[in-house]
Structure formats: structure tokens, C-alpha cells
Amino acid sequence: MALGDMQEGEIAVYDDAGLYRLIADSVPLMIWVARADGQLDFFNRRCFEYTGLEYRDLAGWSWRDVIHPEDRERCLATWTHALQTGEHYEVQYRLRRADGAFLWHHGAALPVRDASGQVVRWFGTCADIEDQVRDVRRLMDRLLAAQESERRRLAEDLHDLIGQNLTALGIDLTALKQRLQAGGDAAFGGRIDAMRTLVESTIDAMRGVMSDLRPPELEEFGLAPALRWYAAEFTERTGLKASVSWPEGEPRLGHDIELALFRITQEALTNAAKHSGGTAVQISLTEADGRICLCVEDDGAGFADPVGARRARRGGWGLPTMRERVEAHGGTLRVEFPGRGTRLIVDMPAARSS
């Protein structure tokens, strides 16, 4: 077709490569293509517009530098696994924009095979999901706030409705035994004692539930005393020795920060009791440069298998909820496997109580 014969709005495409480039550049997604060995050698226009980089800055393995440092290892492990197995994958990560901001994206890649089934190319896309992530976080924030409100209400109801009645029942049983003994009828004394013991054990169990729901030590004394109390209770209940390291004399953190760190520690200790197979767990808190760092480390089996370690880092064990709590306060959470045991590290701004 001669240029003079083209209608307004038409674009001349002289070969298949030009057609593919035209289609790729018209799609509002980042599109890339890689060789069978994993080196990227094609990017559509959206890739360059988003990153502000040129072809030489992204080609080969250079694309790793635009992935957030906290997501880089996970993305590389996923990509390497796909190259080894020839399986398609999907992964979420933060990608650096031209202005330096990191936004969440959803990446996916499919293998392109020849007639013999051999992978010859990889075709990948990358979609901006920052708005969806923010919506999910806002929803999680509301869910966590509703959960804490329900915990408080339930703890108050247990105290007001059941706790007081059980206490009154225990008093009545004591009075009944004394009256029977005064009348010379002690035949039911042993049975009454057993009933009173049952009532007292039920009260103790209920107090434990109430403390889990709304720890009074956290409300009244702060994070460090609450963690020491919980560690002692956890040790008695599970047999897994828990200890707390926290510098003396530190001022209290903000209530929301203390609550988030306490709940994260609860979940981490529960995970250690269920999964670690260890004998001890260490809880330590340190503060420096206006940030608070929580570390929960057990001496269990950990993950010798890299695939198992990657899966554990991605989710399960209550990690998504813990991560949401941390990120809601501008912090980060990571899970490490130092060969033996599991280490959970939380870092967030150390906002003080007003």
C-alpha cells in the first residue's frame, strides 16, 4: 500500500514484527519477552514510560534493579523455578516508577514452546495493582479494628455475665458446705469441694481467655510487661520456653503500635508451638533511630528445603494478617530461616503515646 493510498487514522505495518510491536505498544500493560535462558530482550513502550529507563537498563538481567529490595529475592526465586520447570507463574511485587516510588504490580509469564514442546521464549505481562492493594489494606484495617472491638466486647461480656455468676456460685458452694457441716451433715462435703474446684478451674480458664482477648497488662502497663506475662503463660501452657528481652526504662509506645506488636507476637508464638518442633523461643525488642524492631526466633527445625521456605515466606501461618498489621503502621515484616529455627523480624516507626 502506498502512503498516498492510506486513509486517515491508518498505520502502515510492513512486517509481522512491526505488527507485534504495534499491538504491544497499544496495550495498557507492561509486556516483555525473554529468551529461554531467562534474559529479557523485548519491552513494550509502557515498560519504558513507567520505569523511565531505556532498553539497555532493563535488558538481560538488569530488570532486577527496578524491583523493591524486599521483593527481589522472592521474585528471582520464582523466576528461576519457572525457568527450571517450564511452568507458568504469577507473582506480586513492588516495581520502581520513574519518580522513584514503588508501586504494587501483578506479574505473570507463560512459556512459548516449539513443535517438540521445548521452551524457546517467555511471554510476560505486568499490571499495576496499587489501587487494589490499597483497597485491600483499607478493608483489612477495618476488619482488624472490628476484630479488636469485638474482642473487647466479648471480654467485657465474659466478665460481667459469666465471671460474676461463677464467682457467686463458688461463694454459694462454700456457704452451703459450711451450713451442712454446722448441721452435722458432712456426707456431701467431698462432692461440694469437687464442684467448687471445677468452678474455680473454669474461672481460671475464662480469665485466660479474657486476657487473650483483651490483655489487662497491655492496657495498664504497656508492651514489655504484657509480653513478659504472655511469655510466662505461654511457657506454662505449651512447655515451649519463651523469654523476652526489652531494655528497661523505655517509655511506652503508642497504643495502636503496642497492640499490633502484641498481636503479632501472639501469632508468632502460636506458630512456633504448632510448627517449630523446638524447645525455646526468644522475643526481643530494640529501638534505634525512631524505629522499633521486634524479633521472634525459635530453635526448631526451620526449613532446609528452599521451596518450603519460599512458601512459608509467602503466606500461611497467619503471615498475611501479621503483614497487614505491620504495613498499616508503615513497617515491614520478613521471615528468615538461618539454618536452624525460624526468625520473624518486624520493623516499624516507634510512635510514642501522647
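What you see is a predicted model, and the numbers here were worked out from it, not measured in a lab.

Caption draft 1: The overall build of the chain, seen in detail. Regarding its fold elements, the chain presents eleven helices and ten strands. Counting across all 354 residues of the chain, residues that qualify as buried make up 36%. Across the chain, the fraction of contacts at a sequence separation of at least 24, relative to all contacts at a separation of at least 6, is 55%. When the accessible area of the chain is evaluated, it comes to approximately 19900 Å², of which 54% is carbon and sulfur surface.

Caption draft 2: Main features of the pattern of salt bridges. Considering all chains together, one arrives at 17 salt bridges under this definition. With its nearest N and O atoms 3.3 Å apart, the salt bridge here joins Asp37 to Arg35. Residue class for Arg35 comes out partly exposed when judged on its relative accessible area of 35%. Taken together, the shared-partner salt bridges connect Glu70, Asp71, Arg74 and Arg94 into one network.

Caption draft 3: Local environment of the sheet that holds strand E6 (residues 241-245). Taken in spatial order, the five strands of this open sheet run E6-E7-E8-E10-E9, and their pairing is mixed. A single partner strand is all that each edge strand has here, and the edge strands are E6 and strand E9 (332-336). When the angles between neighbouring strand axes are averaged without regard to direction, this sheet yields 10°. Taken together, the five bridges between E9 and strand E10 (residues 343-349) define a ladder with antiparallel strand orientation. Residue pairing in the sheet places Glu336 in a bridge with Arg343 of E10. This element, helix H11 (residues 319-328), spans E9 and E10 of the sheet and lies at about 145° to E9.

Caption draft 4: Expanded view of the packing of aromatic side chains. One pass over the full model with this rule turns up eight aromatic pairs. One aromatic cluster is present, formed by Trp32, Trp79, Tyr89 and Trp122 through successive ring pairs.

Caption draft 5: Structural detail: the sheet that holds strand E2 (residues 40-43). Pairing in this open sheet of five strands is antiparallel, and the strands run E2-E1-E5-E4-E3 from one edge to the other. At either end of the open sheet lies a strand with only one pairing partner, and these are E2 and strand E3 (89-96). This sheet shows a mean twist of 30° between the axes of neighbouring strands, independent of strand direction. Relative to E2, strand E1 (residues 30-35) is paired through three bridges, and the arrangement is antiparallel. Across the sheet, the residue bridging to Val33 is Phe42, located in E2. On the sheet, helix H4 (residues 69-85) packs against E1, E3, strand E4 (102-113) and strand E5 (119-128) and is oriented at approximately 150° with respect to E3.

Caption draft 6: A look at the side chain of Asp71. One can find Asp71 in helix H4. Taking the relative accessible area as the measure of exposure, Asp71 reaches 3% and is therefore buried. Within the local environment of Asp71, its side chain forms a polar contact with the side chain of Arg74, the two groups lying 3.1 Å apart. Residues contacting Asp71, with those up to four places away along its chain left out, are Tyr93, Arg94 and Trp104.

Caption draft 7: Spatial organisation of helix H8 (residues 223-238). Between its terminal C-alpha atoms H8 stretches 22 Å, which fits the 22 Å expected from 16 residues at 1.5 Å a residue. The complete set of buried residues in H8 reads Leu223, Ala224, Ala226, Leu227, Tyr230, Ala231 and Phe234. Projected down its long axis, H8 shows its buried positions confined to an angular sector of 150°, all on one face.

Caption draft 8: Main features of H4. Across its 17 residues, H4 extends 25 Å between first and last C-alpha, which sits within 8% of the 24 Å expected from 1.5 Å per residue. Along H4, the residues that are buried comprise Asp71, Cys75, Ala77, Thr78, Trp79 and Ala82. One or two positions beyond H4, positive phi appears at Gly86, with a value near 75°.

Caption draft 9: Examining the pairing of E9 more closely. Judged by which residues are buried, E9 turns out to be one-sided: Leu333 and Val335 face inward and are buried, whereas Thr332, Arg334 and Glu336, on the alternate face, are not. Counting the residues in the hairpin turn of E9 and E10 gives six residues, including Gly339, whose phi is positive at 105°.

Caption draft 10: Expanded view of the confidence of the model for the chain. Chain-level pLDDT for the chain is 81 on average; 86% of the residues reach the 70-or-more range. Within the chain, no element has a lower average pLDDT than helix H10 (residues 306-314), which sits at 47, and none a higher one than helix H2 (residues 45-51), at 93. Scored below 50 in pLDDT, residues 6-13 shows eight contacts in the model against residues more than four places distant or in partner chains. Throughout residues 304-310 the model reports pLDDT below 50, and contacts reaching past four residues in sequence, or to other chains, amount to five contacts.

About the criteria used
Residues numbered from 1 in each chain as written. Predicted model: local features only at pLDDT ≥ 70, side-chain atom pairs only at ≥ 80, totals over all residues. Heavy atoms only, no water. Helix = DSSP H or I, 4+ residues; strand = E, 2+ residues; numbered from the N terminus. Buried < 20%, exposed > 50% of the residue type's maximum accessible area, 1.4 Å probe, protein only. Contact = heavy atoms within 4.5 Å. Areas by Shrake-Rupley, 256 points an atom, 1.4 Å probe, with all protein chains shown as cover. Salt bridge = Lys/Arg side-chain N within 4 Å of Asp/Glu carboxyl O. Pairing = 2+ DSSP bridges. Axes fitted to C-alpha atoms, helices over the stretch in contact; angles between N-to-C directions. Phe/Tyr/Trp six-rings, centres within 6.5 Å; stacked < 30°, edge-to-face > 60°. Polar contact = N/O pair within 3.5 Å; in protein donor to acceptor, adjacent residues only side chain to side chain. Expected span 1.5 Å × (residues − 1). Arc of directions from axis to C-beta. pLDDT = per-residue confidence, 0-100.

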